[in-house]
Amino acid sequence: MSSDETPNAPAPRDRRDAVREKAQQVRVRQSRARIARSVALASVVVAVVAAGAVGVTYAVSSSASKPLLSPENVSGDGFTVSAVAGVSMVAEDAGVADALAGEATASPTPEAEETAEPTPEPTARPAVDIRMYVDYLSTGSREFQLANVQQLSQWVDEGAAELTYYPVAMLTAKSNGTKYSLRAAGAAACVATHSPDALFAFNHALLSDQPNVDEDGYTDTEIADIAQASGVESPAVVRECIEEQAFVSWANSATERALKGLPDTDGVALTGTPTILVNGTPYVGALTDPKEFSQFVLTVASDTYYREAATPSPTPTPTSTPTS
């Protein structure tokens, strides 16, 4: 007798149980996968945070352990020019230089010839102190340098003036974020430290080929190229100093000090560049008129000379001799 029943076919309840069991297994696998992904993501986050903490700690410790470098051959944040080689000089009227040096003598008058008393020899006047606060992105600094470079060269070369440059960075925010003004000031400190005889030529090169405001300015490598073209000694040492920005922090601190007050002045503070002081007196004349500046220098030098000559020397107080 035949039968339609299949003994091996699962009952409906068994099929439902099997489906539920399979679904539960799938959920377990999915849950395990989610847990594994969460654990992996948490591990990555922890690793990133730890790496960042190590980097910050290293940077802070490196900054703390690295001392603030200060340049050499510096006096009051300024660098005195020791040579004017490397800049073309044109012969100028030597009258001002002679007057500054006290070498100009007046022609004798008939009355003077009849005087029996000997005429004292003219004494040489001390060198005029000229201090220039320069921002290498300042248009005014460029104009003054180009207009006065020849007579400044002559005065320094003849010993009639002592010229000191003070590199500052007041226009650091005017170079598209590259901080050219600050980097150039630091580079001047590098040249003054490692090759002081080339400072005047390097200073002139930076100002005469000055980049435009609100542009990137020169890179550190390009500034080092300018220094090398200016005739620095040990160009490799100067290049390393400039490219590593060794004195950038110093230049920033020097600028902050100048903004608070200039040394050896009656409360004068840096408000713009260029700021030119002659024997401590600020020059407020035309930046592009060398004759006006030379007349100002001569006037200040004469006033200083005669004021010091008129100051009487202190007379020693006599002391009584005790008697026996």
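None of these values were measured; they are calculated from a predicted model. Counting from 1, residues in each chain are numbered in the order their sequence is written. A pLDDT threshold of at least 70 governs which residues receive local features in this predicted model, and a stricter bar of 80 or more applies before side-chain atom pairs are shown or counted, although totals over entire chains, interfaces and linings include all residues. Excluded from the side-chain calculation are hydrogens and water; included are all heavy atoms of the structure.

Draft legend 1. Up close: the pattern of salt bridges. Within this document, salt bridges are pairs made up of a side-chain nitrogen of Lys or Arg and a carboxyl oxygen of Asp or Glu, the two lying within 4 Å of each other. Summed over the entire model, instances satisfying the criterion amount to 5 salt bridges. With a shortest N-O distance of 2.6 Å, Arg239 and Asp225 are connected by a salt bridge. Of the two residues, Arg239 is situated in helix H8 (residues 235–243) and Asp225 in helix H7 (residues 220–229); the sequence distance between them amounts to 14 residues. Linked by salt bridges that have partners in common, Asp225, Arg239 and Glu243 make up one network. Strands here are runs of E lasting at least two residues and helices are runs of H or I lasting at least four, both read from the DSSP assignment and numbered beginning at the N terminus.

Draft legend 2. Spotlight on the sheet that holds strand E3 (residues 161–167). With mixed pairing, 5 strands are arranged side by side in an open sheet as E1-E3-E2-E4-E5. The open sheet has two edge strands with one neighbour each: strand E1 (79–80) and strand E5 (281–282). Here the rule is simple: two strands pair whenever DSSP picks up at least two bridges between them. Where strand E2 (residues 128–134) meets strand E4 (residues 275–278), 4 bridges bridge the pair, whose relative direction is antiparallel. Bridge pairing in E4 links Arg131 to Leu277. Of the strands in this sheet, E1, E2 and E3 touch helix H6 (residues 199–208), which is tilted by about 55 degrees from E3. Should any heavy atoms of two residues lie within 4.5 Å, those residues are counted as being in contact. To get an axis, a line is fitted to the C-alpha atoms, and for a helix only the part in contact is used. The angle between two axes follows their N-to-C directions and goes from 0 to 180 degrees.

Draft legend 3. Representation of the confidence of the model for the chain within the structure. Chain-level statistics for the chain give a pLDDT mean of 80 and a share of 65% at 70 or above. Across the chain, each position has a pLDDT score giving the predictor's confidence in that residue, from 0 to 100. Mean pLDDT values for the elements of the chain range from 45 in helix H3 (residues 110–114) up to 98 in helix H5 (residues 180–194). Here residues 1–6 is modelled with pLDDT under 50, and outside its nearest four sequence neighbours on either side it reaches 0 contacts, counting other chains as well. Throughout residues 103–116 the model reports pLDDT below 50, and contacts reaching past four residues in sequence, or to other chains, amount to 4 contacts.

Draft legend 4. Main features of the packing of helix H4 (residues 139–157) against H6. Two elements in contact, H4 and H6, have axes separated by 9 Å at closest approach and are oriented at 145 degrees. For the crossing formed where H4 meets H6, the hand is left-handed. Contact residues: H4 offers Ser141, Arg142, Gln145, Leu146, Val149 and Ser153, while H6 offers Phe200, Asn203, His204, Leu207 and Ser208. Each residue gets one of three labels, nonpolar for Ala, Val, Leu, Ile, Met, Phe, Trp, Tyr, Cys and Pro, charged for Asp, Glu, Lys and Arg, and polar for the others, Gly among them. Residue composition of the contact of H4 with H6, by class: 4 nonpolar, 6 polar and 1 charged. Here is the rule for handedness: rotate from the far helix to the near one, and if that takes an anticlockwise turn smaller than a right angle the crossing is left-handed, while a clockwise turn gives right-handed.

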